[in-house]
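Topology and contacts: notes
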Amino acid sequence: MILSDDSVDAIKKTTARYPHRKSAILPGLTIAYRQVGHLNEDLYGEVAEVIGVSKNEVASAATFYTMFPKQKVGKYLIQVCVNISCGLMGAESLMEYLLKKLNVKPGEISEDGLFTVVPVECLGSCTTAPMMQVNQDFYENLTPEKVDQILEDLRKKA
Amino acid sequence: MEKKLLFANIDDPKQPEIDTYISKGGYESFKKVIKEMKPEEVIEEVKKSGIRGRGGAGFPAGMKWSFVPKDSPKPKYLVCNGDESEPGTCKDRVLMEHDPHLVVEGMAIASYAIGAGHAFIYIRGEFDYPASQMRKAIDQAYQKGFLGKNIQGSGYDLEMIVHTGGGAYICGEETALLNSLEGKPGQTRIRPPFPAVEGLYACPTVVNNVETLSNMSLIIKNGGEWYSKIGTEKSTGTRIFCLSGHVKNPGNYELELGTPMSYLINDLGGGIVDGKKLKAIIPGGSSTPILTPDKIDTKLDFESVVEAGSMLGSGGVIVMHEDTDMVWVAKVLAHFYMHESCGECTPCRQGTKWLHDTITRIYNGHGKMEDIDILLDLCDNIEGKTICPLGDAAVIPIRSTINLFRNEYEHYINHKKPLVENKFMSFVNG
């Protein structure tokens, strides 16, 4: 079993709140993804069992939504918004800066296992561009100095 | 002009706490409706206000509520749409983060009006902080007896649930949102039946945007007629505009509808950065047609923006200065719509990829002059041929850049380089 007891409990509690248990599929996948860092076939099966739906139903939802990584990523998944508002404020430079600094290509895990950088579509932070999301947290109005500091803090925390 | 109704308390750091909210008269409107008003009276008041949906389509909210069949034996549901994925738009997030009880109270009022026993707020999965703020607010509302069984002794029961999605733009479309809420891929449904008759779990459902519902407490408190006098005759109330791009002071600003766009961009936004000239404006999120600088005095209301050749949409005003390469703009947006197409309708699934690939070919210096007509032909073969408006949305920026800036496409094709090279405020240079 990959899911921890806490995750199983959280999925069960979430399921109980909905009038129809299938509605717990996305929240269940979110709980699983946050515990493990990415999703895979085994997790689809485990989430399905806890909710009480078929594995196919869970898999068809999981594979539709791009927010859930399907392959292993670094401890910190850095998602850089490259859509229009961030693009106008230098998102392409931000992306290049991060890739160079961490010596990775998009989607790769850095040598220390800590970071994966990917470009993503609009994250709803348009007025505070450019921005990036690291795991669940938003970092906005970015400058190179801010990015350096964020990476340093994350390394210390790891 | 700037008029802070929804943003009246947005700067108070204690506003998300229920005691602060109550101390400023919060939940009085909800108490009033459950104790003194019949559901149809609430709907009538909202109709009187003239408020139109703030999600993008601008459909009158009161009318939407009145479509819910009163005699249906099925349970009824309210769904608050907090998916917020339209590029250029981040207003709902501000409300959920900084005044979550305003959203909760609006949802509670709407739920009572349509007879719903369950209300859901669907929040895009990436919005972890807004979702946590909403969860906290809902927990507090339960503790204070504004949610749950027999609310305030009125006999009305309401359960409220925060539901987070998986980060798909299409789930902002109401039928895709409902499928997603049911645990399915977020693909759209053919209408009719409309959600008001057959929505969540095939039961009558109203889907309203966060900003729309945030107005309900004010409408009940002050009356529909009071609200109808703000704004213009057909576009009543205020609107939160997200100003982004090449302006000195980007941000979310609440304006009375009918305020000139120049006031937003020049007065509140501080004008264009670096003393550059304004080149283009997207007035209502990326799926609305581009306007040129001669339209800067367009009044920001539903009718005036349509008259100027665009749409008010989601209120995301994106400003671009003279150093913006419009083929790059088309490429960025084409990639977005290709990525976010749910794949259900062939014209959209295939067409958005063709649009993206053709523009990218031009952008990379391998375009041919006939590619411009191919793009326009593709637009014609996507628009109006899909179940939901994502196909139309994908077409709009492409056609708009060709119609307004065709010379930039031609320059790319003739010279294998842009007419205008993007010289944005570079991230690296701070």
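Residues numbered from 1 in each chain as written. Chains lettered and ligands numbered in written order. Predicted model: local features only at pLDDT ≥ 70, side-chain atom pairs only at ≥ 80, totals over all residues. Heavy atoms only, no water.

**Concerning the packing of helix α16 (residues 370–382) of chain B against helix α17 (residues 390–415) of chain B**
Residue and element names in this part refer to chain B. Axis separation between α16 and α17 bottoms out at 10 Å; the angle between their running directions is 170°. With respect to their mutual orientation, α16 and α17 come out roughly antiparallel. On α17, the residues that touch Ile372, Asp373, Leu375, Leu376, Cys379, Asp380 and Ile382 of α16 are Gly391, Asp392, Val395, Ile398, Arg399, Ile402, Arg406, Tyr409, Glu410 and Ile413. Residues that form the contact of α16 with α17 fall into these classes: 10 nonpolar, 1 polar and 6 charged. (Axes fitted to C-alpha atoms, helices over the stretch in contact; angles between N-to-C directions. Helix = DSSP H or I, 4+ residues; strand = E, 2+ residues; numbered from the N terminus. Parallel < 35°, antiparallel > 145°, perpendicular 65-115°, else oblique. Contact = heavy atoms within 4.5 Å. Nonpolar A, V, L, I, M, F, W, Y, C, P; charged D, E, K, R; others polar.)

**What to know about the interface of chain B and chain A**
With 63 residues of chain B at the interface, the matching set in chain A holds 47 residues. Linking chain B with chain A are 2 salt bridges. Asp128(B) serves as the salt-bridge partner of Arg34(A), at 2.9 Å between the closest nitrogen and oxygen. Of all the secondary structure elements, the ones that give two or more residues to the side of chain B that touches chain A are β2 (118–123), α7 (128–143), β3 (159–164), α8 (174–181), β5 (238–245), β6 (251–256), β10 (316–321) and α14 (326–340) of chain B. (Salt bridge = Lys/Arg side-chain N within 4 Å of Asp/Glu carboxyl O.)

**Some words on the sheet that holds strand β4 (residues 205–209) of chain B**
Residues and elements named next belong to chain B. Overall, parallel pairing links the 4 strands, which are arranged β3-β2-β1-β4 in an open sheet. In this open sheet, the two edge strands, each paired with only one partner strand, are β3 and β4. Averaged over neighbouring strand pairs, the angle between their axes works out to 20° when direction is ignored. When β2 meets β3, the two strands line up parallel, connected through 6 bridges. (Pairing = 2+ DSSP bridges.)

**Focus: the environment of Gly145(B)**
By the element assignment, Gly145(B) lies in the loop between α7 and β3. Residues in contact with Gly145(B), not counting those within four places in the same chain, are Ile151(B) and Gln152(B).

**A short note on the sheet that holds strand β8 (residues 278–282) of chain B**
Residue and element names in this part refer to chain B. Taken in spatial order, the 4 strands of this open sheet run β6-β5-β10-β8, and their pairing is mixed. Each edge of the open sheet carries a strand with a single partner, namely β6 and β8. Within the sheet, the average angular offset between the axes of one strand and its neighbour, ignoring direction, is 30°. Both β8 and β10 contribute to a ladder of 4 bridges, which runs antiparallel. Residue pairing across strands places Ile282 opposite Ile318, the latter belonging to β10.

**Considering the packing of helix α1 (residues 5–17) of chain A against helix α3 (residues 41–51) of chain A**
Residue and element names in this part refer to chain A. Their axes nearest at 9 Å, the elements α1 and α3 cross at an angle of 50°. Considering the angle they form, α1 stands oblique to α3. Where α1 crosses over α3, the handedness of that crossing is right-handed. Residue-level inspection shows Val8, Ile11, Lys12 and Thr15 of α1 in contact with α3, the latter providing Val47, Val50 and Ile51. Here the contact of α1 with α3 is composed, by residue class, of 5 nonpolar, 1 polar and 1 charged. (Left-handed = near helix turned anticlockwise from the far one by under 90°.)

**Focus: unusual backbone geometry**
The linkage connecting Ala129(A) with the following residue, Pro130(A), adopts the cis geometry, with an omega of -5°. Considering the arrangement of structural elements, one finds Pro130(A) in the loop between β2 (115–120) and β3 (132–134). The omega torsion of the bond from Pro192(B) to Pro193(B) falls at 5°, within 30 degrees of zero and hence cis. Looking at where Pro193(B) falls in the secondary structure, it is placed in the loop between α8 and β4. Notably, Asn103(A) is not glycine yet its phi reads approximately 55°, a positive angle. Summarising the element assignment, Asn103(A) is placed in the loop between α6 (91–102) and β2. For Asn103(A), a relative accessible area of 66% gives the class exposed. Here Gln152(B), not a glycine, exhibits a phi torsion of approximately 50°, which is positive. (Buried < 20%, exposed > 50% of the residue type's maximum accessible area, 1.4 Å probe, protein only.)

**Description of the side chain of Thr352(B)**
Residue and element names in this part refer to chain B. Looking at the secondary structure, you find Thr352 in helix α15 (residues 346–363). Looking at Thr352, its side chain comes within polar contact range of the main-chain oxygen of Cys348, at 2.6 Å. The contact partners of Thr352, leaving out residues within four places of it in the chain, are Ala334, Tyr337, Met338, Ser341, Pro347, Ile382 and Ala394. (Polar contact = N/O pair within 3.5 Å; in protein donor to acceptor, adjacent residues only side chain to side chain.)

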